[in-house]
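Here is how the chains run, residue by residue.
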2 protein chains.
Amino acid sequence: MSQRHALLATLTAQPMTGYELVKYFDGSFAYVWSAPHSQIYPELRRMERDGLVGVEVVPRGERAEKRVYSINEAGLAELQRWEREPTPYQSERDPYRLKAAHFEQATYEAARHQLQEHLRHFARALRDWEQMLADLDARRVSLLRRRLEQRPEEEHEAIVAFRKLAFRGEVLKARAEIAWAEEGLALLDELEGKGVPLRGER
Amino acid sequence: MSQRHALLATLTAQPMTGYELVKYFDGSFAYVWSAPHSQIYPELRRMERDGLVGVEVVPRGERAEKRVYSINEAGLAELQRWEREPTPYQSERDPYRLKAAHFEQATYEAARHQLQEHLRHFARALRDWEQMLADLDARRVSLLRRRLEQRPEEEHEAIVAFRKLAFRGEVLKARAEIAWAEEGLALLDELEGKGVPLRGER
DNA sequence: CAGTCCATGTAATAAGTTACATGATTAG
DNA sequence: CTAATCATGTAACTTATTACATGGACTG
């Protein structure tokens, strides 16, 4: 049920429309938490029903409207309850690692392509996150500025530091995945160079 | 639809019962891919229906029976198709990072506890994987031995190397997560030492 | 006035979790 | 004889994905 908490946490910065939340969870934050609009809109309605968010219907242009959601006290309490309670560690499902464990069923070309995509994906993530860390330091992130404006000065350091901590985790993870993909590509070169056959080549 | 491919890939080592597969995906491999029995048994039935696996009903004891599944040619073809086709990179959902990004809504105690659990979880994963790498090198893994017995000698090097590659990825990831949790714990000590207040402490 | 963005939904299907349910076999 | 392990399911519920669907507002 973290979907709900992801939305509540984002709404602590400022009131937002579903559309703005959709963009947020489809932007660079999607490396941490992503959600399609088909999950966001219904969840906002459910949270409204459950009294965790308030809604203001604002006209836009002549004929259209938009629904601006804001977190209320019950929503904040629920977010804090979730933040304080431990999140257990359980199941993982990593299709890339699963696939690599059985690369002998692929071809050298296919295996290489997959690892190159891995590299590309995490290299991009790394660039995005390092940029984000720099932007956070320079207070260039508008959502962060909004968040800080609402809180007393003495809390600012922690708010920025925790945001950076999360992104720092993504940086470390991306570097590990890049190193792994490089090891994998080197292995493929070595095996193919030696002429080691793969079952999947047939 | 990787569930199916995880099962097919495991069955390339040897014919197995659903129960044996359940244990496998609940053991140390669960850090890569986990599945509960409520997903495994029905999926095996579906794969049987779809002609990807064969089944032999073997008596066990006086009254009981067990169903031993083996991958067939169509199943192998499907596994190889999946191995050769690229797996796209999309959405991530990391509740631990999401939580850390908003630790200001928690308490120092709760945040510290979560990161200590993170450390413990990945330290255990690291131990398990390093042990597994050593066992693979020494050919101490029975499933691996079964897998190798069935394949010509010249393929052995690749089979072992890919298995190790996957586990090596888990080792790198575990180390990155451990380093992250340690950074986080140091940050919490620093902030609390300075007396920086958290909204969630109220 | 055309294309892009803003904005919000629903429906069908697929996948995943948790609980309920049962019974034989084997080792000590 | 009892506990652990072997063995296999189903049901109810929750989540997630993908596709279908619509229409106003703004920019050039």
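Residues numbered from 1 in each chain as written. Chains lettered and ligands numbered in written order. Predicted model: local features only at pLDDT ≥ 70, side-chain atom pairs only at ≥ 80, totals over all residues. Heavy atoms only, no water.

An unreviewed UniProt entry annotates chain A as PadR family transcriptional regulator of Actinomadura soli.

Caption draft 1: Just the overall build of chain A, in detail. Summing up its helical and strand segments, chain A has 8 helices and 3 strands in all. Against the globule reference of 17 Å for 202 residues, chain A gives a C-alpha radius of gyration of 22 Å, more extended than a compact globule. With the principal axes as the frame, chain A shows a C-alpha extent of 65 × 40 × 35 Å. Sorting the 202 residues of chain A into buried and exposed places 54% on the buried side. Considering only contacts within chain A whose residues lie at least 6 apart along the sequence, 65% involve residues at least 24 apart. Between the mean site of the 32 positive side-chain charges and the mean site of the 34 negative ones, chain A shows a separation of 3 Å. (Helix = DSSP H or I, 4+ residues; strand = E, 2+ residues; numbered from the N terminus. Rg over C-alpha atoms; globule rule 2.2 N^0.38 Å. Buried < 20%, exposed > 50% of the residue type's maximum accessible area, 1.4 Å probe, protein only. Contact = heavy atoms within 4.5 Å. Lys, Arg positive; Asp, Glu negative; His and termini not counted. Charge placed at Lys NZ, Arg CZ, Asp CG, Glu CD.)

Caption draft 2: Representation of the packing of helix 6 (residues 108-137) of chain A against helix 8 (residues 153-194) of chain A within the structure. All names here are of chain A. Look at helix 6 against helix 8: their axes get within 8 Å of each other, and the N-to-C directions meet at 155°. By the angle between their axes, helix 6 is roughly antiparallel relative to helix 8. In this structure, helix 6 crosses over helix 8, and the sense of that crossing is left-handed. Of the residues assigned to the contact of helix 6 with helix 8, the class counts are 21 nonpolar, 3 polar and 13 charged. (Axes fitted to C-alpha atoms, helices over the stretch in contact; angles between N-to-C directions. Parallel < 35°, antiparallel > 145°, perpendicular 65-115°, else oblique. Left-handed = near helix turned anticlockwise from the far one by under 90°. Nonpolar A, V, L, I, M, F, W, Y, C, P; charged D, E, K, R; others polar.)

Caption draft 3: Molecular detail of the interface of chain A and chain B. Each partner contributes residues to the interface: chain A has 84 residues there, and chain B has 84 residues. Interface of chain A and chain B: buried area, both sides summed, is about 7900 Å²; carbon and sulfur atoms make up 59% of it. Taken together, the connections running from chain A to chain B amount to 10 salt bridges. Linking chain A to chain B there are 39 residue pairs in polar contact (both at pLDDT 80 or more). Where the side of chain A that touches chain B is concerned, the elements lending two or more residues are helix 1 (2-11), helix 4 (73-84), helix 5 (95-101), helix 6 and helix 8 of chain A. When residues in the side of chain A that touches chain B are grouped by element, the largest group, 26 residues, is from helix 8 of chain A. When grouped by side-chain class, the residues that make up the side of chain A that touches chain B number 40 nonpolar, 19 polar and 25 charged. (Buried area = accessible area lost by both parts, 1.4 Å probe. Salt bridge = Lys/Arg side-chain N within 4 Å of Asp/Glu carboxyl O. Polar contact = N/O pair within 3.5 Å; in protein donor to acceptor, adjacent residues only side chain to side chain.)

Caption draft 4: Up close: the relation of the copies chain A and chain B. For the match of chain A to chain B, the screw axis carries a shift of 0.0 Å, the RMSD comes to 0.1 Å, and the turn is 180°. Such a turn and shift between the copies fits a two-fold axis. Most of the interface of chain A is mirrored in chain B: 100% of its interface residues are interface residues there too. (Least-squares fit on C-alpha atoms with pLDDT ≥ 70 in both.)

Caption draft 5: Broad picture of the protein's contact with DNA strand C. Near DNA strand C lie 22 residues; those nearest to it are His37 and Arg45 of chain A together with Ser38, Glu62 and Arg63 of chain B. In DNA strand C, atoms within 4 Å of the protein come from the sugar-phosphate backbone in 62% of cases. Between DNA strand C and Lys66 of chain A, the relevant distance is 3.2 Å, taken from a phosphate oxygen to a side-chain nitrogen or oxygen of the residue. The contact in question runs from a base nitrogen of DNA strand C to an N or O atom on the side chain of Arg60 of chain B, over 3.3 Å. Contributions of two or more residues to the surface near DNA strand C are made by helix 2 (18-24), helix 3 (37-49) and strand 3 (64-71) of chain A together with helix 3 (37-49) of chain B. Of the residues forming the surface near DNA strand C, the biggest block, 4 residues, is contributed by helix 3 of chain A. (Near = heavy atom within 4 Å.)

Caption draft 6: Quick look at the pairing of strand 2 (residues 53-60) of chain A. Residue and element names in this part refer to chain A. The pairing of strand 2 with strand 3 spans 8 bridges and is antiparallel. Bridged to Val58 within strand 3 is Lys66. From the end of strand 2 to the start of strand 3, which pair antiparallel, there are 3 residues, and Gly61 there has a positive phi angle of about 65°. (Pairing = 2+ DSSP bridges.)

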